[in-house]
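# A look at the structure
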Amino acid sequence: MKDIRIITGKPIIPPPDTVNALFAGTHTAPDVSGITELYDRLLPKLKIHTLPKAALCIQERKNILHSDHYNPDALLLCAMLTIGSSIQRLIDRYAADGDPLAASLLNAMADSCLFAWEEQLHSAMLTLCREKNCGILRRLELPSDLPMHTQKAVFEALDADRTLGLSLTEGYMLSPEKSMSLIFELDELAPKKVPRHDCGKCRHPRCGFHSSVNLQIEQIRTDGTHTSPRTISCKKGSRLFDVLQEHRIPISADCGGAGTCGKCGVTVRSGSVGVSPEDKLIFSEAELNQGMRLACSIRLEHDLSVLIPQAEETAFQILKGRTSYVPLAEQARYAPGSYGIAIDIGTTTIAFALLDLHTGICAASHTAINSCRAFGTDVIRRIQASNEGKKDQLQKTIQKDLLRGIDALLNQCPAQTIRLQKIVIAANTVMLHLLRGYSCEGFCRYPFSPVTLEREVLSFTEAFGASFDAGTPDVILLPGISAFVGADITAGLSKLSTRARNGSCLFLDLGTNGELALFDNHRLFTASTAAGPVFEGGNIRWGTGSIPGAIANVSIGEEGPSVCTVADMPPIGICGTGVIETVSELLSAEIIDKTGKLKEAYFEKGYPLANTMSGKTILFTQRDIREVQMAKAAIRAGIEILLLTAGISCDKIEQVFLAGGFGYYLNIPKAASVGILPKKLVSKTTAAGNTSLTGALFYLAKQTDAVLSELAADAVDVPLAADKHFQELYLSHMEFEKIT
């Protein structure tokens, strides 16, 4: 039986100096006069609404940390303490009643009570340690020393739901809010005193004991209206871009905050911010005078108010699975009311489909933007972010996206009783590693060594870090082929007909990581090439996703350019298909030569395509053309390396399948004119749609384990970086062919 000590305290009078420090760190109103009087008025209510209570126990380390790196039998002192839920309701009531000053001060007083309650418990902690003949070696802080999921192990060790009436959120946070957990490492030779909290390790953005600044954020919608202001307290010296990431406020960032893409522009409304060299490269003198700056170049040294563009996630033109019915194999058929979910996690977008496992009918679908794009639009930048300490942040981001998508999917069938049996996920290898919280160190150098490429079967909680009340579905992560040819490609290939797989066909997924596969008489060759995000509008000066107003089609005649936009809205930028069509038309009009050089009149500033509603000119620049050249050369060289490896010519190819949203909307003849595809393959090329999602659906319907395993095992992955011919072919395809 567990030896859990439960301690109930008396009402606590919060120390005024602690209250002042905490209050100064969170309160933003300019007039703070009368605080002492307000403190005295709130103190009686604070006493009534706080109930200090704590639970303590000593556990073996292996029960809490599950670590192989330390002595598993070593002891830890675990504690959880709370002052109850009533005080938070009172704080919320003041805020709802329009008294933010009282709410802020009462919040600081409650936090001060919680800290004072810990101090009162030190004697009880030391008593428990003496019983084990131990001292306290060190204090282990969450999340700086230990991951946040450790809090779950402490919660369970203390039976905190029973002993303290606490609960744990899906993000491992304690509820009620005015609660905390403590973990101390014990040792026989350690001193008999309790280490205090180390402010140097603290990541709490609102802690008033740190030097902090207040950041006020408003977002501007595409219709010109503004969201309500939001205030965040953050550490002095923080980078604005990092603060926005931490608080999951989406902002464009093709370069992941490296200062090269110029997409993370914000407008400073109040406060002083200098002009960085990067700002000068991106913004005009007039724009700088209006307060425009790059979020990645702003250091928060003083209170600041900024206006940022709101990401219109729901407006993206995302390719859903177009399958409405999937014939069920008998072994995959379940009782009525049973469903499965197929998910395709793309680098930029995520697609969901709900399949009735009794009838084979697709009952619902949903699409969303992959919020990991805030860490960079390509997987390379996300790998870098993960290896630089943002692994947990990336995992929580993708888990939250998937949970929201699953919820949105199920909400489309509110009248039905749904028993979820399976969730099947197809994604590239990097995104699956981020979802699982695996290290991405193996993706950094050749030979690349991912943690796993195998199929994984997980519980809902293991996969998403949350509980689920509509069944106990298995979550199946499909197998991949290599570090950069992942489960999304395996799923897509499994969907191809037996005839296609037994003949000679080419499969291309032209996303941020260009994946290629070649079937030739039962043989399968695969490769991946770093095409970059150009095909999705990334790394293009006026590039954008497929949202209303994105230029998607371009023609250039004698009177100049004519453009068509997504949803026929006023132009705001250029999406991937528009980028390819622009280059094709510039070639046809001889505005660029075979080397990609723009005519002198447009060389410095770029070729004008259209004007925005605000009067800005959308330009296609020389640098944009170079980005297209590098991307198309990488794809074309990759295709030729696969043909050389298989020992066949282009003439033998019977079919070409273009997978993904970019391929679906792409003008294939114009893609060939740019040089992405050999021209002789144009008539053999078809858009295959979202093959990753369709492949995941077919796995649900047919349990295609054998096919997937065979594909993964038999594939010959060709490492292009190590191929002696790749660089030569890449350089040869940088130039454009003359359009006839």
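For the structure, see preceding data.
My aim in this report is to walk through the structure given alongside it, one point at a time. Because the structure is predicted, anything quoted here is derived from the model rather than measured. (Residues numbered from 1 in each chain as written. Predicted model: local features only at pLDDT ≥ 70, side-chain atom pairs only at ≥ 80, totals over all residues. Heavy atoms only, no water.)

## Comments concerning the overall build of the protein chain
Looking only at helices and strands, the protein chain has 23 helices and 29 strands in total. Compactness check: the protein chain gives a C-alpha radius of gyration of 29 Å against a globular reference of 27 Å for 740 residues, within 12% of the reference. Dimensions of the protein chain, computed from the C-alpha atoms along their principal axes, are close to 85 × 65 × 55 Å. By residue count, 55% of the 740 residues in the protein chain fall in the buried class. Taking as baseline every contact in the protein chain between residues at least 6 positions apart, the subset at least 24 positions apart corresponds to 71%. Surface exposure of the protein chain reaches about 32,100 Å², of which carbon and sulfur atoms provide 50%. If you average the places of the 73 positive and of the 80 negative side-chain charges in the protein chain, the two averages end up 2 Å apart. (Helix = DSSP H or I, 4+ residues; strand = E, 2+ residues; numbered from the N terminus. Rg over C-alpha atoms; globule rule 2.2 N^0.38 Å. Buried < 20%, exposed > 50% of the residue type's maximum accessible area, 1.4 Å probe, protein only. Contact = heavy atoms within 4.5 Å. Areas by Shrake-Rupley, 256 points an atom, 1.4 Å probe, with all protein chains shown as cover. Lys, Arg positive; Asp, Glu negative; His and termini not counted. Charge placed at Lys NZ, Arg CZ, Asp CG, Glu CD.)

## Considerations on the pairing of strand E18 (residues 474-477)
In this sheet, E18 lies alongside strand E16 (residues 419-427) in parallel orientation, the contact comprising four bridges. Opposite Ile423, over in E18, you have Val475 as the bridge partner. Bridge count for strand E17 (residues 456-458) against E18 is three bridges, and the pairing is antiparallel. Bridged to Glu456 within E18 is Leu477. (Pairing = 2+ DSSP bridges.)

## A short note on the side chain of Thr163
Mapped onto the elements of the fold, Thr163 is located in helix H7 (residues 160-163). Reaching out from Thr163, the side chain makes a polar contact with the backbone oxygen of Leu158 at a distance of 2.9 Å. Contacts of Thr163, omitting those with residues within four sequence positions, involve Ile4, Ile6, Lys53, Ala55 and Leu158. (Polar contact = N/O pair within 3.5 Å; in protein donor to acceptor, adjacent residues only side chain to side chain.)

## As for the sheet that holds strand E23 (residues 560-565)
Sheet architecture is open: three strands sit in the order E23-E22-E24, paired in mixed fashion. At either end of the open sheet lies a strand with only one pairing partner, and these are E23 and strand E24 (573-574). Here strand E22 (residues 550-557) pairs with E23 via six bridges, running antiparallel. From the neighbouring strand, Asn553 faces E23, where its bridge partner is Cys564.

## Here's the deal with the sheet that holds strand E7 (residues 179-187)
The strand order E1-E2-E3-E7-E4 describes an open sheet built from five strands, whose pairing is antiparallel. Only two strands of the sheet have a single partner each, and these edge strands are strand E1 (5-8) and strand E4 (135-140). Between one strand axis and the next, the sheet turns by 25 degrees as a mean value, whatever way the strands run. Relative to strand E3 (residues 75-82), helix H5 (residues 100-131) is tilted by about 150 degrees, and along the sheet it contacts E1, strand E2 (53-60), E3, E4 and E7. Packed onto the sheet, helix H6 (residues 150-157) meets E2, E3 and E7 and runs at close to 85 degrees relative to E3. (Axes fitted to C-alpha atoms, helices over the stretch in contact; angles between N-to-C directions.)

## Focus on empty space enclosed by the protein
Per the stated rule, a full pass over the model turns up two cavities of 30 Å³ or more. Its boundaries defined by the atoms lining it, the largest cavity holds a volume of some 90 Å³. Taken together, Thr429, Leu432, His433, Tyr438, Thr452, Leu453, Glu454, Glu456, Leu477, Leu478, Gly480 and Ala487 form the lining of the largest cavity. Looking at the lining of the largest cavity element by element, the count peaks at three residues for helix H12 (residues 429-436). (1 Å grid on protein atoms, 1.4 Å probe; cavity = no way out; pocket = protein on both sides within 12 Å on 5 of 7 lines; lining within 4 Å. Points joined across faces, edges and corners; volume = space filled by probe spheres on them.)

## A short note on the environment of Leu215
Residue position: Leu215 is located in strand E8 (residues 212-220). Given the relative accessible area of 0%, Leu215 is considered buried. As for Leu215 and Thr231, which are separated by 16 residues in sequence, their C-alpha atoms are 5.5 Å apart. If near-sequence neighbours (up to four positions away) are discounted, Leu215 is found in contact with Arg230, Thr231, Ile232, Cys234, Leu240, Val243, Leu300, Leu304 and Val306.

## Topic: the environment of Val656
Positionally, Val656 belongs in strand E27 (residues 655-659). Sequence separation of Val656 and Val682 is 26 residues, and the distance between their C-alpha atoms is 8.5 Å. Setting aside anything within four residues of it in sequence, one finds Val656 in contact with Leu506, Leu508, Leu681, Lys684, Thr685 and Thr686.

## Some words on H6
Among the eight residues in H6, six count as buried, and that is most of the element. Every buried residue belonging to H6 is among Thr150, Gln151, Ala153, Val154, Phe155 and Ala157, and all of these are buried. Phi turns positive, to about 45 degrees, at Asp159, one or two residues after H6.

## Things to note about the pattern of salt bridges
Taken as a whole, this structure holds 27 salt bridges when the rule is applied. Here Asp242 and Arg239 are joined by a salt bridge, their closest N and O atoms 3.0 Å apart. With a relative accessible area of 15%, Arg239 lands in the buried category. Across the salt bridge formed by Lys652 and Asp520, the nearest N and O atoms sit 3.1 Å from each other. Of this pair, Lys652 sits in the loop between helix H18 (622-646) and E27 while Asp520 sits in strand E20 (residues 514-520), and the two are 132 residues apart along the sequence. Looking at Asp520, the relative accessible area reads 2%, which means it is buried. Several salt bridges share partner residues, and in doing so they unite Arg636, Glu640, Lys679 and Glu737 into one network. (Salt bridge = Lys/Arg side-chain N within 4 Å of Asp/Glu carboxyl O.)

## Overview of the packing of aromatic side chains
Here the structure, examined in full by the defined rule, presents seven aromatic pairs. Relative to Phe448, the ring of Tyr446 has its centre 6.0 Å away and its plane inclined at 85 degrees; by these criteria the two rings are edge-to-face. For Phe448, a relative accessible area of 36% puts it in the partly exposed group. Ring geometry for Tyr602 against Tyr607: centres 4.9 Å apart, planes inclined by 75 degrees, an arrangement best described as edge-to-face. (Phe/Tyr/Trp six-rings, centres within 6.5 Å; stacked < 30°, edge-to-face > 60°.)

## A short note on the packing of helix H14 (residues 487-495) against helix H21 (residues 691-702)
Taken N-terminus to C-terminus, the directions of H14 and H21 make an angle of 70 degrees; their axes are 7 Å apart at the nearest point. Regarding the angle of H14 to H21, the classification is roughly perpendicular. Crossing hand, H14 versus H21: left-handed. On H21, the residues touching Asp488, Ala491, Gly492, Ser494 and Lys495 of H14 are Thr691, Ser692, Thr694, Gly695, Ala696 and Phe698. (Parallel < 35°, antiparallel > 145°, perpendicular 65-115°, else oblique. Left-handed = near helix turned anticlockwise from the far one by under 90°.)

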